[in-house]
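So the chains spell out like this:
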Amino acid sequence: AQAFGVKYTIPASSLNAGDKARIQGQVKAIAQNGTDTFTVTVKIGSTTIWTSSSTDIAANDRCVFDLWVGATAAAGAAVDCRYGGIGGWSTSGAGPTVGGGAGNLATNGALDVTVSITYGSSNSGNQSALEFFSVEVT
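Residues numbered from 1 in each chain as written. Predicted model: local features only at pLDDT ≥ 70, side-chain atom pairs only at ≥ 80, totals over all residues. Heavy atoms only, no water.

Here's the deal with the confidence of the model for the protein chain
Argument step 1. In the predicted model, the protein chain carries a mean pLDDT of 92, and 99% of its residues have values of at least 70.
Argument step 2. Within the protein chain, strand β5 (residues 55-56) has the poorest average pLDDT of any element, 88, and strand β9 (residues 111-119) the best, 96. (pLDDT = per-residue confidence, 0-100. Helix = DSSP H or I, 4+ residues; strand = E, 2+ residues; numbered from the N terminus.)

Have a look at this one:
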C-alpha cells in the first residue's frame, strides 16, 4: 500500500466517552495501467476502519468515503471504539462497501488518520491523488 502524503493527527485524549470523529475523503484515479485494480484503505493508527472494493477502474474514476469513529470510554491506552461508514468507486458496477466494527484504540496518545492506495500491480502507469480529506472531532 502506498500512503498519501497527507494525514490528520487526532490529538491525545481528544476522544472520550461519547466523542466521535467523522472522516471524509475522495481519491482520484489519474491514470491506470491496463486492467489494474485500485483499493483504498483508511486507518486510525494501525487499525483499518474501512477498505474499498478492489476495483478495475478507469482514469478519472473517484473513490469517495464517509466514515465515523466513536469512543465508548474516557481516553486511555486501550479504549473500546466503534467505527463504520460507507464508500465506493464511481465505476459503474462497483457497488459501495459498508464497513463497521469495534477495536481498541490508544486514545490517550495521538492517533494518525491515514489514507492509502494499493495498486493491483507495480506499474508507473498507475497514478492517483487524494483530492479531498477531512477529519472532524466532536
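Here the narrative resumes, following the displayed structure.
Things to note about the nonpolar core
Argument step 1. Grouped together as the largest cluster of nonpolar side chains are 33 residues, with contacts concentrated most on Ile23, Val40, Val42, Trp89 and Val115.
Argument step 2. Looking at this core, the elements that each hand over two or more residues are β1 (2-10), β2 (20-31), β3 (37-44), β4 (47-51), β6 (62-71), β7 (79-89), β9 and β10 (127-137).
Argument step 3. In this view, Ile23 contacts Val42, Ile44, Ile49, Phe65, Asp66, Leu67, Val69, Val113, Phe133, Ser134 and Val135; residues no more than four positions away in its chain are not counted. (Core = buried A, V, L, I, M, F, W, Y, C linked by side-chain atoms within 4.5 Å. Buried < 20%, exposed > 50% of the residue type's maximum accessible area, 1.4 Å probe, protein only. Contact = heavy atoms within 4.5 Å.)

Digging into the sheet that holds β6
Argument step 1. Taken together, 5 strands build an open sheet; the order of strands is β8-β7-β6-β2-β10 and the sheet is antiparallel. The sheet terminates laterally at β8 (97-105) and β10, the two strands that pair on one side only. The sheet shows a mean angle of 15 degrees between the axes of neighbouring strands, direction not considered.
Argument step 2. Pairing of β6 with β7, which is carried by 9 bridges, proceeds in the antiparallel orientation. Opposite Val64, over in β7, you have Gly88 as the bridge partner. (Pairing = 2+ DSSP bridges. Axes fitted to C-alpha atoms, helices over the stretch in contact; angles between N-to-C directions.)

Let's talk about the environment of Thr114
Argument step 1. As for its placement among the helices and strands, Thr114 is situated in strand β9.
Argument step 2. In this structure, the C-alpha to C-alpha distance between Thr114 and Gly5, residues 109 residues apart in sequence, is 8.7 Å.
Argument step 3. Leave out the neighbours within four places in its chain, and Thr114 touches Lys7, Thr41, Val42 and Lys43.

Side note on the side chain of Asp61
Argument step 1. Tracing the chain through its elements places Asp61 in the loop between β5 and β6.
Argument step 2. Arg62 provides the closest opposite charge to the buried, unpaired Asp61, separated from it by 7.2 Å.
Argument step 3. Among the polar contacts made by the side chain of Asp61, one reaches the main-chain amide nitrogen of Ala58 at a distance of 2.8 Å.
Argument step 4. Apart from residues lying up to four places away in sequence, Asp61 is in contact with Val27, Lys28, Ala29, Trp89, Ser90 and Thr91. (Lys, Arg positive; Asp, Glu negative; His and termini not counted. Salt bridge = Lys/Arg side-chain N within 4 Å of Asp/Glu carboxyl O. Polar contact = N/O pair within 3.5 Å; in protein donor to acceptor, adjacent residues only side chain to side chain.)

A word on the environment of Ser13
Argument step 1. Mapped onto the elements of the fold, Ser13 is located in the loop between β1 and β2.
Argument step 2. Each residue touching Ser13, except ones within four places of it in the same chain, is listed here: Ala75, Thr107 and Asn108.

Details of the environment of Val135
Argument step 1. Within the fold, Val135 resides in strand β10.
Argument step 2. Through-space distance from the C-alpha of Val135 to that of Ala73 is 20 Å; in sequence the pair is 62 residues apart.
Argument step 3. Aside from chain neighbours lying at most four places away, what touches Val135 is Tyr8, Arg22, Ile23 and Val113.

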